[in-house]
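Secondary and tertiary structure notes
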Amino acid sequence: MEAKDLALDPALQRHQGWMAQAIALAETAGQQGEVPVAALVVSPEDQLVATGVNRRERDQDPTAHAEVLALRAAGQTLGNWNLTGYCLYVTLEPCPMCAGAIVLSRVSRLVYGAADPKTGAVRSVINIPDSAASNHRLTVLPGVLANPCKISSDSGLLNCAKTASRLDRPTNQDADPCYSLSLWAECCIVSENRLGQP
Ligand SMILES: [Zn+2]
């Protein structure tokens with residue numbers, strides 16, 4: 001697919017919209033002193049089913065990662081642990097624990113933002129979903145709104161206007177001051193679509 005065609009891909013635009021919501025949710029975790037990571041479970045009909053934010057510090061629970069909490073909430077909401085057909089969005093590449101939980105949940109698609117070169121267990125360090133230990137195959141779309149996701153994950157809630165000076169700003173910055181990561185994510189949607197880079 002040509003880059004310009006990809007930029008017009010309505011599915012990509014839908015993924016970006018959900019990821020922008022996840023980034024906004026991650027900001028709230030950052031404000032609570034957590035590493036700001038958030039996850040969403042979205043139905044095949046493109047409806048939000050459940051959310052999760054990192055609560056490790058607040059709950060003093062090493063397993064309270066956004067993905068696990070979102071999958072657990074989705075199972076409770078739907079009355080079904082099997083999430084075949086559903087999509088999980090998360091701002092950061094999942095760790096080994098969460099990658100395992102994602103496989104066990106049977107979600108059909110995983111969309112994530114920033115890569116995690118230290119503990120990423122989907123593409124960066126190891127690949128649990130495609131490994132011999134996985135009994136489920138899913139579609140993976142990495143790098144959606146990766147830049148704002150990375151800022152959020154690295155540093156918590158930051159003033160985008162301040163941090164953007166050392167990063168690639170969307171060229172429409174003058175039109176939008178981008179006071180927050182979620183606003184900047186919206187700017188990046190415009191920018192990525194124009195550049196044709198998912
Ligand atoms: Zn995790």
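Placed above this text is the structure.
Structural notes, computed from the coordinates. Sequence order as written defines the numbering, with residues in each chain counted from 1. Only residues with pLDDT of at least 70 are given local features in this predicted model, and only at 80 or more are side-chain atom pairs given and counted; all residues enter the totals for whole chains, interfaces and linings.

**So, the pairing of strand β1 (residues 38–42)**
It is a general feature of regular strands that their side chains alternate between the two faces of the sheet. Formally: Note on burial: count the other C-beta atoms lying within 10 Å of the residue's C-beta; 20 or more is buried, 12 or fewer is exposed, in between is partly exposed, and C-beta positions come from the backbone. Numbering of helices and strands runs from the N terminus, with a helix taken as a DSSP run of H or I at least four residues long and a strand as a DSSP run of E at least two residues long. Pairing between strands is defined by DSSP: at least two bridges between the two strands are required.
By the criterion of burial, β1 is predominantly enclosed, with five of the five residues buried. Alternating residues of β1 divide into Ala38, Leu40 and Val42 and Ala39 and Val41, and every residue in both groups is buried. As paired elements, β1 and strand β2 (residues 48–53) share five bridges and run antiparallel to each other. Counterpart to Val41 in the pairing with β2 is Ala50. In this structure, the hairpin formed by β1 and β2 is closed by a connection of five residues, where Asp46 is found at a positive phi of approximately 65 degrees. Both β1 and strand β3 (residues 87–92) contribute to a ladder of four bridges, which runs antiparallel. Across the sheet, the residue bridging to Ala39 is Val90, located in β3.

**A look at the environment of Arg55**
This is how it is decided: Throughout, a pair of residues is in contact if the C-beta atoms placed from their backbones lie within 7 Å.
Relative to the assigned elements, Arg55 resides in the loop between β2 and α3 (56–59). Sequence separation between Arg55 and Val37 is 18 residues, and the spatial gap between their C-alpha atoms is 9.2 Å. The residues touching Arg55, leaving out its near neighbours within four places in the chain, are Glu34, Asp61, Ala64 and Leu69.

**Here we look at helix α2 (residues 10–31)**
For clarity, the threshold we go by: How far a helix is expected to stretch is found by multiplying one less than its residue total by 1.5 Å.
The end-to-end C-alpha distance of α2, which contains 22 residues, comes to 32 Å, matching closely the 32 Å that a straight helix rising 1.5 Å per residue would cover. Listed as buried for α2 are His15, Gln16, Met19, Ala20, Ala22, Ile23, Leu25, Ala26, Glu27, Ala29 and Gly30. Gly33 lies just past α2 and shows a positive phi near 85 degrees.

**A short note on the packing of helix α4 (residues 66–78) against helix α5 (residues 96–105)**
Basically, it comes down to this: Here an angle of 0 to 180 degrees is reported between the N-to-C directions of two axes, which are lines fitted to C-alpha atoms, with helices fitted over the stretch in contact. For classification, angles of less than 35 degrees are called roughly parallel, those exceeding 145 degrees roughly antiparallel, those between 65 and 115 degrees roughly perpendicular, and all remaining angles oblique. A clockwise turn of the near helix away from the far one marks a right-handed crossing, whereas an anticlockwise turn of less than a right angle marks a left-handed crossing. Ten residue types, Ala, Val, Leu, Ile, Met, Phe, Trp, Tyr, Cys and Pro, are classed as nonpolar, four, Asp, Glu, Lys and Arg, as charged, and the remainder, Gly among them, as polar.
Two elements in contact, α4 and α5, have axes separated by 9 Å at closest approach and are oriented at 20 degrees. In terms of their interaxial angle, α4 and α5 are classed as roughly parallel. Pair α4 / α5 crosses with left-handed handedness. Here Glu67, Val68 and Leu71 of α4 come into contact with α5, specifically with Cys98, Ala101, Ile102 and Ser105. Partitioning the contact of α4 with α5 into residue classes produces five nonpolar, one polar and one charged.

**What to know about the nonpolar core**
For clarity, the cut-off: Any nonpolar core is a set of buried residues, restricted to Ala, Val, Leu, Ile, Met, Phe, Trp, Tyr and Cys, that join up through C-beta atoms within 7 Å.
Ranked by internal contacts, the top residues of the largest apolar core, which has 46 residues, are Ala22, Val41, Ala70, Leu88 and Tyr89. Counting residues per element, the ones that place at least two in this core are α2, β1, β2, α4, β3, α5, β4 (109–114) and α6 (146–155). Of the residues forming this core, the biggest block, seven residues, is contributed by α2.

**Overview of the environment of Ile151**
Secondary-structure assignment places Ile151 in helix α6. With 22 C-beta atoms counted inside 10 Å, the residue Ile151 sits in the buried group. Sequence-wise, Ile151 and Pro36 are 115 residues apart; in three dimensions their C-alpha atoms are separated by 9.6 Å.

**Considerations on the sheet that holds β2**
As summarised here, the arrangement of the five strands in space is β2-β1-β3-β4-β5, forming an open sheet in which the pairing is mixed. Edge positions in the sheet fall to β2 and β5 (139–141), since each has one partner strand and no second. Pairs of neighbouring strands in the sheet enclose a mean axial angle of 15 degrees, with direction left out of account. Contacting β1, β2 and β3, α4 runs over the sheet at an angle of about 145 degrees to β2.

**Here we look at unusual backbone geometry**
For Arg106, which is not glycine, the phi dihedral falls at a positive 70 degrees. Structurally, Arg106 is set in the loop between α5 and β4. Look at Arg106 and you get partly exposed, because 17 C-beta atoms sit within 10 Å.

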